[in-house]
Amino acid sequence: MRLEERYDKVLAWFRERMPVANTELQYNDPFQLLVAVILSAQCTDKRVNMVTPALFEQFPDAESMSKASVEEIFELIKSISYPNNKSKHLSAMAKKLMEDFNGIVPDDFELLQTLPGVGRKTANVMEAVAFKRPAMPVDTHVFRVADRIGLVTGAKTPLETEKQLVAHIPAEWLSTAHHWLILHGRYVCVARKPKCEECGIAEWCRYNQKKLS
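- As recorded by an unreviewed UniProt entry, the chain carries the name Endonuclease III and is attributed to Butyricimonas virosa.
- The UniProt entry for the chain carries the following comment under Catalytic activity (unreviewed entry): "2'-deoxyribonucleotide-(2'-deoxyribose 5'-phosphate)-2'-deoxyribonucleotide-DNA = a 3'-end 2'-deoxyribonucleotide-(2,3-dehydro-2,3-deoxyribose 5'-phosphate)-DNA + a 5'-end 5'-phospho-2'-deoxyribonucleoside-DNA + H(+)".

**Here we look at empty space enclosed by the protein**
- Evaluation of the coordinates by the stated rule reveals two cavities of 30 Å³ or more.
- For the largest cavity, the calculated volume is near 70 Å³.
- Every residue lining the largest cavity is counted, 13 residues in all, and those nearest its centre are His-184, Cys-189, Cys-196, Cys-199 and Cys-205.
- A class-by-class count of the residues in the lining of the largest cavity yields ten nonpolar, one polar and two charged.
- Considering only enclosed or pocket space, the second largest cavity measures out at about 40 Å³ in volume.
- Surrounding the second largest cavity, Val-10, Leu-11, Phe-14, Leu-151, Ile-169, Ala-177, Trp-180 and Leu-181 form its lining.
- Every element with two or more residues in the lining of the second largest cavity is listed here: α1 (3–17) and α11 (171–187).
- Of the residues contributing to the lining of the second largest cavity, the split by class is eight nonpolar, no polar and no charged.

**With respect to the layout of surface pockets**
- Counted as a void, the largest pocket has a volume near 600 Å³.
- Considering the residues around the largest pocket, the lining is formed by 27 residues, among which Ser-40, Cys-43, Asp-45, Asp-139 and Arg-186 are closest to the centre.
- Looking at the lining of the largest pocket, the elements that each hand over two or more residues are α2 (30–40), α3 (45–58), α8 (120–130), α9 (140–149) and α11.
- Here the element with the most residues in the lining of the largest pocket is α11; it accounts for six residues.
- Grouping the amino acids of the lining of the largest pocket by side-chain chemistry returns nine nonpolar, eleven polar and seven charged.
- Around the second largest pocket sit 14 residues that line it, and Ala-128, Val-129, Lys-132, Ser-175 and Thr-176 are the ones nearest its centre.
- Within the residue set of the lining of the second largest pocket, elements represented by two or more residues are α8 and α11.
- The dominant element in the lining of the second largest pocket, judged by the number of residues it contributes, is α11, at five residues.
- Looking at side-chain class alone, the lining of the second largest pocket contains six nonpolar, five polar and three charged residues.

**Quick look at the UniProt feature "domain: HhH-GPD" (unreviewed entry) in the chain**
- UniProt tags residues 39–187 as "domain: HhH-GPD" (unreviewed entry).
- What you have in residues 39–187 is 68% helix and 0% strand, and the ends, taken at the C-alpha atoms, are 21 Å apart.

**Topic: unusual backbone geometry**
- At Gln-42, a position not held by glycine, the phi torsion is positive, near 55°.
- Structurally, Gln-42 is set in the loop between α2 and α3.
- If you check the backbone angles, Lys-132 has positive phi at about 55° while not being a glycine.
- Note that Lys-132 resides in the loop between α8 and α9.
- Judged by relative accessible area, which is 61%, Lys-132 ranks as exposed.

What counts, and where the lines are drawn
Residues numbered from 1 in each chain as written. Predicted model: local features only at pLDDT ≥ 70, side-chain atom pairs only at ≥ 80, totals over all residues. Heavy atoms only, no water. UniProt positions renumbered as here; feature names shortened; annotations may be inferred. 1 Å grid on protein atoms, 1.4 Å probe; cavity = no way out; pocket = protein on both sides within 12 Å on 5 of 7 lines; lining within 4 Å. Points joined across faces, edges and corners; volume = space filled by probe spheres on them. Nonpolar A, V, L, I, M, F, W, Y, C, P; charged D, E, K, R; others polar. Helix = DSSP H or I, 4+ residues; strand = E, 2+ residues; numbered from the N terminus. Buried < 20%, exposed > 50% of the residue type's maximum accessible area, 1.4 Å probe, protein only.

This is how it looks when you write it as structure tokens:
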């Protein structure tokens, strides 16, 4: 199957069945989304959503979080993976927002990456979800699923995966496609034993085609 045909078939299937796809993280504004995304690194959205209500009740914005001690933040997120590092990142991130951006999360991709705890993937999530711009954040699900389906070939890093996906997915669908791949990886194309018998795109999937050949 030609690459262009695989993209056409897969994207058309998702567009028809899931024209609207959103993050499963719960938040009220860009600051809370940023906090949730930082917490979600190597942690499930479900676990993050269990922690953030109490965290946001105490520290709903950059100003309040910037005044909190690392220890106070840690106590509220200690059930999250890597709570030591993440509590330090959240404290420093909130302080920098107050010092450099008047407490407002910047909507610039490069400026976002100047914030502690914010790398390329997190900045892309903010662009796609908070600011509704074309972006392709690549997390572990996207990295695995895009390769397994056959949308990318030979990508060794998230950035290489991102570049290949951006080159082939129309800009107006890019951010939504990010959610398609995440949700597909979370519930169908799972890491250890993909549910190919339940998969609606199995007939165009490189992994499934190889399995059947």
